[in-house]
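# Geometric and topological summary
Chain residues, written in single-letter form:
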Amino acid sequence: MNKIHAAITAVNGYVPDYVLTNHELETMVETNDEWITIRTGIKERRILKGEGLGTSDMAVPAVNGLLKKRGIGADEIDLIIFCTTTPDRVFPATANILADKIGAKNAWGYDLQATCSGFLFGLATGSQFIETGKYKKVLVIGGDKMSSMIDYKDRATCIIFGDGCGAVLLEPNEEGYGVIDSVLKSDGSGVPFLHQKAGGSVSPASHETIDKREHYLYQEGQAVFKFAVTNMAEVAAEVMERNNLKADDIAWLVPHQANKRIIDATASRTGVSPDKVIINIERYGNTTNGTLPLCLWEWEDKFKKGDNLILAAFGGGFTWGSIYLKWAY
Ligand SMILES: CC(C)(COP(=O)(O)OP(=O)(O)OC[C@H]1O[C@@H](n2cnc3c(N)ncnc32)[C@H](O)[C@@H]1OP(=O)(O)O)[C@@H](O)C(=O)NCCC(=O)NCCS
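Notes on the structure follow. (Residues numbered from 1 in each chain as written. Predicted model: local features only at pLDDT ≥ 70, side-chain atom pairs only at ≥ 80, totals over all residues. Heavy atoms only, no water.)

### Notes on the pattern of salt bridges
Note on pairing: side chains with opposite charge can pair once their charged atoms come close. Counted according to the given criterion, the structure contains 17 salt bridges. Between lysine 69 and glutamate 300 there is a salt bridge whose closest N-O contact spans 2.8 Å. A residue pair is termed long-range when its members are at least 10 positions apart, and lysine 69 in helix 3 (residues 55-70) and glutamate 300 in the loop between helix 11 (291-299) and strand 12 (308-315) qualify at 231 residues. The closest approach of N and O atoms between glutamate 171 and arginine 70, which form a salt bridge, is 2.6 Å. Here glutamate 171, found in strand 7 (residues 163-173), pairs with arginine 70, found in helix 3; they are 101 residues apart in sequence, far enough to count as distant. Relative accessible area serves as the criterion here: at 7%, glutamate 171 is assigned to the buried category. Since its relative accessible area comes to 35%, arginine 70 is described here as partly exposed. Connected via shared salt-bridge partners are Arg70, Lys137 and Glu171. (Salt bridge = Lys/Arg side-chain N within 4 Å of Asp/Glu carboxyl O. Helix = DSSP H or I, 4+ residues; strand = E, 2+ residues; numbered from the N terminus. Buried < 20%, exposed > 50% of the residue type's maximum accessible area, 1.4 Å probe, protein only.)

### Section: the state of the cysteines
Throughout this description, disulfide means a covalent bond between two cysteine sulfur atoms. One pass over the full model with this rule turns up zero disulfides. Distance from the sulfur of cysteine 165, which forms no disulfide, to the nearest cysteine sulfur (cysteine 83) is 9.7 Å. Between cysteine 295, a cysteine without a disulfide, and cysteine 116, which holds the nearest cysteine sulfur, the sulfur-to-sulfur distance is 13 Å. Judged by its relative accessible area of 0%, cysteine 295 is buried. (Disulfide = S-S within 2.5 Å.)

### Description of the packing of helix 8 (residues 221-242) against helix 9 (residues 260-270)
In the contact formed by helix 8 and helix 9, the axes pass within 9 Å of each other and the chain directions differ by 30 degrees. When the axes of helix 8 and helix 9 are compared, the crossing they make is right-handed. Between helix 8, through Phe225, Ala228, Val229, Met232, Ala233, Glu234, Ala236, Ala237, Met240 and Glu241, and helix 9, the contact on the second element is made entirely by Arg261, Ile262, Ala265, Thr266, Arg269 and Thr270. Taken together, the residues of the contact of helix 8 with helix 9 break down into ten nonpolar, two polar and four charged. (Axes fitted to C-alpha atoms, helices over the stretch in contact; angles between N-to-C directions. Left-handed = near helix turned anticlockwise from the far one by under 90°. Contact = heavy atoms within 4.5 Å. Nonpolar A, V, L, I, M, F, W, Y, C, P; charged D, E, K, R; others polar.)

### Thoughts on the site of the ligand
With respect to spatial proximity, 23 residues lie near the ligand, and among them Thr31, Arg39, Gln219, Gln222 and Asn259 are the closest. Between the ligand and threonine 31, the relevant distance is 2.7 Å, taken from a nitrogen atom to a side-chain nitrogen or oxygen of the residue. In the environment of the ligand, an oxygen atom lies 2.5 Å from a nitrogen or oxygen atom belonging to the side chain of glutamine 222. Expressed as a share of its isolated accessible area of 960 Å², the protein-covered part of the ligand is 73%. For the shell around the ligand, the secondary structure elements donating two or more residues are helix 2 (33-40), helix 6 (155-158), helix 8, helix 9 and strand 12. Sorting elements by how many residues they give to the shell around the ligand places helix 8 first, with four residues. Counting residues domain by domain, the shell around the ligand receives three or more from each of domain 1 (5-176) and domain 2 (180-326). (Near = heavy atom within 4 Å. Polar contact = N/O pair within 3.5 Å; in protein donor to acceptor, adjacent residues only side chain to side chain. Areas by Shrake-Rupley, 256 points an atom, 1.4 Å probe, with all protein chains shown as cover. Domains from an automatic or database assignment.)

If you want it as structure tokens, here you go:
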């Protein structure tokens, strides 16, 4: 019997309608379109507006569209891995909430928290359940409502992040297509540079934490930039080297959309030419767990069966990694 790989057999995405442009941000904090564009490459990002709406509400249309494309029912899903840093609630898992909303009656699920590398970690984890033969249909979702934890008075962070969600379906493939290899890393010494100060068990919500604005994302941008620019590039190069892949063998480089300058550094380190690098940061900003599946969704029509894709990400914590996969359709 041939080895079973976990192949992506369908992809879909959802971004909210509301467009927050650089020009609108100019009316909210002291910034300007030119500064944001030069430093990050971002022109606009999407924001989920509406009382009582959370990350799962973006996943519902993403997953329902995916199931329709693949022509299967929600009851056929075995497992849901929901990669998110902005779960609907601290508990229960957003995967459970989503399963109920879409009618995935036969699935179990859990949330996976690895900040901006979450979707990669989820893809690697979900693949194991397929490769062992245990499950036939695994949903891996990456989505975040970053606007729920962004301080729109902090010009250094509010320009970067946006809301969005994407989803892929993993199914067994015995023809050599699917997830081939991954290099994944975690380093908790990065905590001081990018984290949420309060709201967890170390510092539960109180009047004091609210007054000190500690429920917003805290970032030391320059430190994060330096770490990201080196590590995302290195790990993408590592997964290529150990699979004997040269730049010309790569059909598409799919980088986490954190900052155009970090993307360019990764492309340059791997040698992949700019026309093969997927970039949509100018329209969505950094949607954290959403960036990679949203890229796959938007470029799906350009992919060909057998294309070599290199996915790479970097995130708070720190977390980073790269996945090599062969597109299956
Ligand atoms: C956040 C980031 C864009 C800032 O760019 P930078 O070149 O490092 O800028 P600095 O933080 O050094 O700030 C330079 C100046 O611009 C100012 N500035 C910060 N945000 C600004 C904004 N939106 N508009 C105008 N000026 C701004 C700073 O206050 C600082 O002013 P000062 O020199 O008078 O003190 C950049 O550090 C970055 O992208 N970091 C990585 C973030 C990231 O990817 N996070 C997610 C990881 S998954």
